[in-house]
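# A closer look at the structure
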Amino acid sequence: MMKSMTEEMRAGANWPPEEGQLVTFKSGEGWETGVLKGVRWGLVWRDFVLDDTRVIPEIKIAGCPQPPVWRSASEVTQAEREAAEERLASMAEAGLDPREREQWFWAEINQYLAYTYLRFKRIEHRPSDAERRPDEFPERIKEVRQAVTGRLSELLEMKTGAQERQSAAYSLGRLKDLETTLQTVGSQAPRGSKR
């Protein structure tokens, strides 16, 4: 993924940490450390992948530039969005629980919800999107669906922007699929499981 000049200037010479370095991050249980396996751009922010397979959003890594560097929704290509949607669909079909913090499904769904919301709501980034609680997914999906539905209504009134209308309708379908999957996974989750 290419870095913009603005990003390079804001991030500084020592950011992000290099592969193999020990990083400190904020976890549900306080501050923890892990060995960095790699850094990858998601649809909105960078995720730090650790050797033990945990995935940590950049904003939770100690030393993260403030404010954190986020991508604009307009920078995400259709191919990137479709690949993210396919990964989400595959993880959902495999029965993975997106409420397991610091795992791939958690990271992917947070990125997708933030991206979709930003794309159709057209507002400033909200760093708290990377720090959602597992029990907030149903409300967050509803909030994102409302934003997309509002934008779709605007597009239908304008009678132009067929590609954006189609994209919004497709996103609504994907969000409904995720909502249904979360309801199914939630009802099958054992009581008292650690999330």
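Before any of the text, the structure's been laid out above.
Described below are features of the structure shown in this document. (Residues numbered from 1 in each chain as written. Predicted model: local features only at pLDDT ≥ 70, side-chain atom pairs only at ≥ 80, totals over all residues. Heavy atoms only, no water.)

## Re unusual backbone geometry
In this structure, Pro-16 follows Trp-15 across a cis peptide bond, with omega equal to 0°. Looking at where Pro-16 falls in the secondary structure, it is placed in the loop between α1 (5-11) and β1 (22-27). Cis geometry is found at the peptide bond from Gln-66 to Pro-67, where omega equals -5°. By the secondary structure assignment, Pro-67 is in the loop between β4 (55-57) and α2 (78-93). Although it is not a glycine, Thr-53 sits at a positive phi angle of roughly 80°. Tracing the backbone through its elements, the reader meets Thr-53 in the loop between β3 (46-50) and β4. In this structure, Glu-102 takes a positive phi of about 65° despite not being glycine. Its place among the elements puts Glu-102 in the loop between α2 and α3 (104-121). (Helix = DSSP H or I, 4+ residues; strand = E, 2+ residues; numbered from the N terminus.)

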